[in-house]
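Here is how the chains run, residue by residue.
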Amino acid sequence: MSAANFVLTLSCIDQPGIVAAVTTELAALGANIAESNQFWDRETGRFFMRLAFTAPPQVDRATIEKALTSPVARFQMQTALSDQGEARRIVIMVSKFDHALLHLLYQIRVGWLDAEVAAIISNHEDARKIAEDAGIAFHHLPISKETKAAQEAQVLEIVKQTGADLVVLARYMQVLSDNLSTRLFGQVINIHHSFLPSFKGAKPYHQAHERGVKIIGATAHYVTPDLDEGPIIEQETARVTHAMRPDDLVAAGRDIESRVLARAVKLHLESRVMLNGRKTVVFG
Ligand SMILES: Nc1nc2c(c(=O)[nH]1)N[C@@H](CN(C=O)c1ccc(C(=O)N[C@@H](CCC(=O)O)C(=O)O)cc1)CN2
């Protein structure tokens, strides 16, 4: 039986001895560290670490968690251990624009993104054929002010039933309620079609055109109740000119949005993103 691949992420108040304490326990299990990243946030005093390691076949998740009990207690760590051999299941939500959805499906098909799409949810019918062609369950869940609570209850049920690790808002143009966004905090990634913090809201390209900017961009972030305010995971920009009309900006932004969202989803599923208050630490 081949060695298993695990990723351990941890954070705690920084002090001497954290790395030694953790790696000593892993070494005692016969684990071999393949990649190690760490960051000391001097502003908050918090320490962040990601360790990717292989473990002998007989060393399972429970054995590793047991071995780490002492350092976790000693340094009061927040930890997460993920078995890279387990398939990561995602639910993708979309409205009318399908470019980011199609890019995710392509990156999964070619193996760049190691994920399984458990379901596609939309408040419109437009993406049904994409889902059916890909053999993915499609849920058309229309939404209005009156039906929002019921619709979101259906969304939550699908997330639960599918055992999804992550919900991806691939241009889903409805604001999630405080209840849902808080309940799923850290498990929902949105692609916003501007270089945040500029131009929040539903029509950033028109705002950008109105302002006459020379650079546009896209931002992938975790969703919070506060619209377009969540911890940023990934961003990318491109130059634009005075001659470009709003539709030209929309067209230029599509590929940027698609790349940024796919990179953010990959980073999250590889346990390379750690929350640090209103910000993130990204071990890319
Ligand atoms: N709780 C959150 N929900 C969502 C966020 C978020 O940051 N927190 N991001 C949005 C995506 N988005 C921008 O990236 C966005 C989507 C929709 C709107 C908006 O004003 N929508 C209108 C309806 C628009 C329509 O029906 O076409 C509304 O909801 O009243 C702004 C920004 C996804 N959800």
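In case you missed it, the structure is sitting above this.
The shown structure was predicted, so the numbers you read here are calculated from the model rather than taken from an experiment.

Procedures and definitions
Residues numbered from 1 in each chain as written. Predicted model: local features only at pLDDT ≥ 70, side-chain atom pairs only at ≥ 80, totals over all residues. Heavy atoms only, no water. Pairing = 2+ DSSP bridges. Helix = DSSP H or I, 4+ residues; strand = E, 2+ residues; numbered from the N terminus. Polar contact = N/O pair within 3.5 Å; in protein donor to acceptor, adjacent residues only side chain to side chain. Near = heavy atom within 4 Å. Areas by Shrake-Rupley, 256 points an atom, 1.4 Å probe, with all protein chains shown as cover. Nonpolar A, V, L, I, M, F, W, Y, C, P; charged D, E, K, R; others polar. Axes fitted to C-alpha atoms, helices over the stretch in contact; angles between N-to-C directions. Contact = heavy atoms within 4.5 Å. Salt bridge = Lys/Arg side-chain N within 4 Å of Asp/Glu carboxyl O. Buried < 20%, exposed > 50% of the residue type's maximum accessible area, 1.4 Å probe, protein only. Parallel < 35°, antiparallel > 145°, perpendicular 65-115°, else oblique. Left-handed = near helix turned anticlockwise from the far one by under 90°.

Direction of pairing for strand β12 (residues 273–276) relative to strand β13 (residues 279–282): antiparallel, over a ladder of four bridges. Looking across to β13, one finds that L275 is bridged to T280. Turn length for the β12-β13 hairpin, with the two strands adjacent in sequence and antiparallel, is two residues, and the turn residue G277 shows positive phi of about 65°.

Okay, the side chain of E257 next. Following the sequence through the fold, E257 ends up in helix α9 (residues 246–269). At 2.7 Å, the side chain of E257 and the side chain of H99 are in polar contact.

Quick look at the site of the ligand now. Taken together, 17 residues sit near the ligand, with Q174, L176, H192, T224 and D228 positioned nearest. Between the ligand and the protein, one listed contact pairs an oxygen atom with a side-chain N or O atom of N190 at 3.0 Å. In the complex, the protein chains occlude 76% of the 710 Å² of accessible area that the ligand would expose alone. Residue contributions to the shell around the ligand peak at three residues, all from strand β9 (residues 188–192). Residues that form the shell around the ligand fall into these classes: nine nonpolar, seven polar and one charged.

Another point: the sheet that holds strand β4 (residues 78–83). To summarise the sheet geometry, strands pair through backbone hydrogen bonds and adopt either a parallel or an antiparallel arrangement. Taken together, the four strands give an open sheet; going across it, the order is β2-β3-β1-β4, and neighbouring strands pair in antiparallel fashion. Whereas interior strands pair on both sides, the edge strands pair on one side only; in this sheet they are β2 (32–41) and β4. Going across the sheet, the axis of each strand differs from the next one's by a mean of 10°, ignoring polarity. Most of the contacts of helix α1 (residues 18–28) go to strand β3 (residues 46–55), to which it runs at about 15°, and overall it touches β1 (4–13), β2 and β3.

A word on the pattern of salt bridges. In the structure shown here, the tally under the stated rule is 19 salt bridges. A salt bridge links E234 to R263, with the nearest nitrogen and oxygen atoms 2.8 Å apart. Of this pair, E234 sits in strand β11 (residues 232–239) while R263 sits in helix α9, and the two are 29 residues apart along the sequence. For the salt bridge of E236 with R263, the shortest nitrogen-to-oxygen distance reads 3.1 Å. Placement of the pair is E236 in strand β11 and R263 in helix α9, with a sequence separation of 27 residues. When its relative accessible area of 18% is taken as the criterion, E236 is described as buried. Judged by its relative accessible area of 26%, R263 is partly exposed. Taken together, the shared-partner salt bridges connect E35, R50, K266, E270 and R272 into one network.

At a minimum axis distance of 9 Å, the contact between helix α4 (residues 99–109) and α9 shows a crossing angle of 50°. Accordingly, the angle class assigned to the pair α4 and α9 is oblique. Remark: the crossing between α4 and α9 carries right-handed chirality. Counted together, H99, A100, H103, L104 and Q107 of α4 and R254, E257, S258, R259, L261, A262 and V265 of α9 form the full contact between these two elements.

By themselves these figures say nothing about function.
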